[in-house]
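Descriptive structure summary
Here are the chains, one letter per residue:
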Amino acid sequence: MDERVIRPSAEVAEAIQAGRPVVALESTIVSHGLPRPDNLKVAHEIEQTVRDAGAVPATIGMVGGQLVVGLDSSQLTRLATADGVAKLSVRDLAVAAAAGADGATTVAATAAIAARAGIAVFATGGLGGVHRGAAESFDESADLSALARTPVTVVCAGVKSILDVGATLERLETLGVPVVGYGTRRFPGFYLTDSGHDLDWSVRSPEDVARIMRARAGHGVSGAGLIVANPLPTDEQLDPQLHDQVLADGLAGLARDGIAGKAVTPYLLAHFHSATEGRSLAVNVRIILRNAELAARVAVASTRP
Ligand code: PSU
Ligand code: MN
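Below: a short report on this structure. (Residues numbered from 1 in each chain as written. Chains lettered and ligands numbered in written order. Predicted model: local features only at pLDDT ≥ 70, side-chain atom pairs only at ≥ 80, totals over all residues. Heavy atoms only, no water.)

**Observations concerning the layout of surface pockets**
Of the voids in this model, the largest pocket is the one considered here, and its volume is about 670 Å³. Taken together, 33 residues line the largest pocket, and the ones lying closest to its centre are Lys87, Thr106, Ser141, Asp143 and Lys262. When contributions to the lining of the largest pocket are tallied by element, the ones reaching two or more residues are helix 2 (28-33), helix 8 (142-148) and helix 12 (264-275). Its residues assigned to classes, the lining of the largest pocket comprises 8 nonpolar, 15 polar and 10 charged. Each of domain 1 (1-119) and domain 2 (122-305) accounts for three or more of the residues forming the lining of the largest pocket. (1 Å grid on protein atoms, 1.4 Å probe; cavity = no way out; pocket = protein on both sides within 12 Å on 5 of 7 lines; lining within 4 Å. Points joined across faces, edges and corners; volume = space filled by probe spheres on them. Helix = DSSP H or I, 4+ residues; strand = E, 2+ residues; numbered from the N terminus. Nonpolar A, V, L, I, M, F, W, Y, C, P; charged D, E, K, R; others polar. Domains from an automatic or database assignment.)

Given below as structure tokens:
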């Protein structure tokens, strides 16, 4: 790893070196997934949650063309508030670096950089996946193919409910990415507790997840990640009826406003946040904080000798 272009903060570098628990965090959720000005406050809350659970947070992003693993407060502020912060998937990283750009990293890019830096656990809200209508648009998030080749454990609340969840689970099977439910055999639905899809496996504790990570490393037969799907309790989910109505309106808006490609996910999330008058935002924040806490506990369990 060339530290001139991919640089861990001093705190993160020391923690990795010493084998202490570290949790990678993405920046796209901050720059493109949450509305301003709440996004910066939430970014700090996510990091604090990781610390409170005994791990070091490493929020990843690109500042002036340099990839930073463990953004400091001023870098985080810059990515949360500046205009023109790019949304960077894996394929964009070198191009953006050469251009000296500022960019926020998606799940795909964050996972890849975390693995490269030696961080085994990562927390996000909801993964990207196969979009509705993908049979025509071919729109499938690079999060899926990145997790197929990146040995990182990702704690999430399933995939975003704006997606074709069944098709996404099929693709994850094909790509060889294991999915385990945390305390459930049902795949969570991001804003909703239950997506309506069954899972083959579930775990009950951070130690269970750590055992899977050790077995995978011991086998050495798969370079794929591990998805730990952590559902919201039912009393914290978005009202399912409101969810379905707002989603239908949002999907209709895509065609009306000519939205395609990487703009689709931010558009739909912003639509939810305005159409539910902030209720989906509160739910999204709860999702991220719960996942950050669980990821930190997994990092602690997996670094215990
Ligand atoms: N989870 C959230 N909010 C987000 C995202 C995840 O709660 O904004 C971001 C992640 O960075 C993920 C991206 O990688 O959405 C997916 O975008 P796309 O569908 O364009 O691949
Ligand atoms: Mn896409």
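More follows now that the structure is in view.
**Remarks on the side chain of Asn291**
Of note, Asn291 is situated in helix 13 (residues 279-303). Those residues in contact with Asn291, other than ones at most four positions away along the chain, are Ala123, Thr124, Gly125, Val155, Cys156, Ala157 and Asn230. (Contact = heavy atoms within 4.5 Å.)

**What to know about the nonpolar core**
Residues Val69, Ile119, Leu127, Phe187 and Ile227 are the most contacted members of the largest nonpolar core, which totals 57 residues. Looking at which domains feed residues into this core, each of domain 1 (1-119) and domain 2 (122-305) gives three or more. Aside from chain neighbours lying at most four places away, what touches Ile119 is Val12, Ile16, Val22, Val23, Ala24, Ala58, Val69, Ala114 and Val152. Core analysis: the second largest hydrophobic core is formed by 39 residues, Leu40, Ala55, Ala80 and Val203 among them. (Core = buried A, V, L, I, M, F, W, Y, C linked by side-chain atoms within 4.5 Å. Buried < 20%, exposed > 50% of the residue type's maximum accessible area, 1.4 Å probe, protein only.)

**What about the pattern of salt bridges?**
According to the stated counting rule, one finds 12 salt bridges in the structure shown. Glu45 is the partner of Lys41 in a salt bridge, and the nearest nitrogen-oxygen pair spans 3.8 Å. With Lys41 and Glu45 both in helix 3 (residues 38-52) and 4 residues apart, this pair spans about one turn of that helix. Residue Lys41 is classed as exposed on the basis of its relative accessible area of 52%. Judged by its relative accessible area of 29%, Glu45 is partly exposed. Taken together, the shared-partner salt bridges connect Arg186, Asp194 and Asp198 into one network. (Salt bridge = Lys/Arg side-chain N within 4 Å of Asp/Glu carboxyl O.)

Interpretation in functional terms is not warranted from these geometric data alone.
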